[in-house]
Amino acid sequence: MAELQSIVILTGAGISAESGVPTFRAADGLWEGHRVEDVATPEAFARDPGLVQTFYDARRAALAGVVPNAAHRALAKLDRDFAGELLIVTQNVDDLHERAGAERLLHMHGELKRALCLACGESHGWAGDLRGAPACPGCGAAKLRPDIVWFGEMPYEMERIEAALATCDLFVSIGTSGAVYPAAGFVQTARYHRASTLEMNLEPSAGTGWFDEARHGPAGVLVPAWVEEVLS
Ligand code: BJW
């Protein structure tokens, strides 16, 4: 730990579970009642924009009722106090990492609180609803969609992520099932570049065998303890 100079952390839905944000693939998960192809693909949006906007409007509104938990706060502390290179790559579209205070953070699957204009291509901060076809603040067109990376679309900032994975000496995966690529492959990229790898998840993920070390339990317990180890 004392020699760590660069850490990349990948987070998934499990880190927000203890805040009350549903995960995706649990029996009572976020997509229960919705087939993923009905809500999280560009084809679904083209077919039934009202359904998709309503699904995301509800999730955006629900953010007002949740707060960061001990795991988000611990990573924000690490961000503040770790003198080396750090990049937190979240697959989550909630805003709990930034509300906890993390700054060295990127959202590879987009953000609920942003809207993307299909007419001008600009992304805008967005707090309200998108159903009802509001006008784009930039160009005025009624062509806004959630700024979310759906299946078949390219995640954000892949070049920056790949560069960080190529130079980190520790890769840490927190609260993700390892079911969705390219994020599920980051552990292999980090290993290829000789980084150490650590998984923290409630249960073994699909890729658990790729990690040098796996700690299983709730993120709200595991992550603060690990951050103390790194900073001590
Ligand atoms: C806890 C806990 C607690 C609970 N503490 N832990 C065939 C093979 C391989 C790939 C493909 C394929 N066919 C298609 C693909 C590509 C496709 C893909 O991966 N599909 C899979 C289904 C196979 N991927 C894409 O299309 C991506 N784009 C792409 O690949 O572009 C081309 C490309 C090429 C080359 C380089 C780069 C790119 C885009 C993927 C977009 C994903 N979008 C979603 C939806 C966003 C919208 C929304 O939010 O509604 O993002 S999918 C959904 O899954 C969401 C999540 O970010 C993502 C990951 O889920 P996550 O976070 O892992 O959640 P869960 O629920 O699965 O797991 C939670 C875990 O937490 C569990 O393990 C729990 O145990 C644990 N847990 N409580 C700790 N308290």
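As shown above, the structure is provided for reference.
Here the structure is a predicted model, which is why all the values come from computation and not from measurement.

Quick word on the site of the ligand
(1) Moving on: Taken together, 35 residues lie near the ligand, and Arg25, Arg59, Thr176, Ser177 and Tyr181 sit nearest.
(2) Moving on: In the environment of the ligand, a nitrogen atom lies 2.8 Å from a nitrogen or oxygen atom belonging to the side chain of Glu18.
(3) Moving on: Side-chain polar atom of Tyr56 to an oxygen atom of the ligand: 2.7 Å apart, as the coordinates give it.
(4) Moving on: Here the ligand loses 75% of its free accessible area of 1,500 Å² to cover by the protein chains.
(5) Moving on: Contributions of two or more residues to the shell around the ligand are made by α1 (14-17) and α4 (49-62).
(6) Moving on: Taken together, the residues of the shell around the ligand break down into 19 nonpolar, 11 polar and 5 charged.

Some remarks on the pattern of salt bridges
(1) Moving on: Counted under the stated rule, the structure contains 14 salt bridges.
(2) Moving on: Arg104 is the salt-bridge partner of Asp79, the closest N and O atoms lying 2.7 Å from each other. Taken together, the residues Asp79 in helix α5 (residues 70-81) and Arg104 in the loop between α6 (96-100) and β3 (105-107) connect sequence positions 25 residues apart.
(3) Moving on: Arg99 is paired through a salt bridge with Asp95; the nearest N and O atoms lie 2.9 Å apart.
(4) Moving on: On the accessibility criterion, Asp95 (10% relative accessible area) is buried.
(5) Moving on: Shared partners join several salt bridges into a network, and the residues in it are Asp57, Arg60, Asp129 and Arg131.

Notes on the pairing of strand β8 (residues 196-201)
(1) Moving on: The buried fraction of β8 is high, at 5 of 6 residues.
(2) Moving on: Pairing geometry for strand β7 (residues 170-174) and β8, over 5 bridges, is parallel. From the neighbouring strand, Ile174 faces β8, where its bridge partner is Met200.
(3) Moving on: The parallel pair β7 and β8 is bridged by helix α8 (residues 186-192), and the resulting crossover is right-handed.

Quick notes on the rules
Residues numbered from 1 in each chain as written. Predicted model: local features only at pLDDT ≥ 70, side-chain atom pairs only at ≥ 80, totals over all residues. Heavy atoms only, no water. Near = heavy atom within 4 Å. Polar contact = N/O pair within 3.5 Å; in protein donor to acceptor, adjacent residues only side chain to side chain. Areas by Shrake-Rupley, 256 points an atom, 1.4 Å probe, with all protein chains shown as cover. Helix = DSSP H or I, 4+ residues; strand = E, 2+ residues; numbered from the N terminus. Nonpolar A, V, L, I, M, F, W, Y, C, P; charged D, E, K, R; others polar. Salt bridge = Lys/Arg side-chain N within 4 Å of Asp/Glu carboxyl O. Buried < 20%, exposed > 50% of the residue type's maximum accessible area, 1.4 Å probe, protein only. Pairing = 2+ DSSP bridges. Right-handed = clockwise from strand over helix to strand, strands pointing away.

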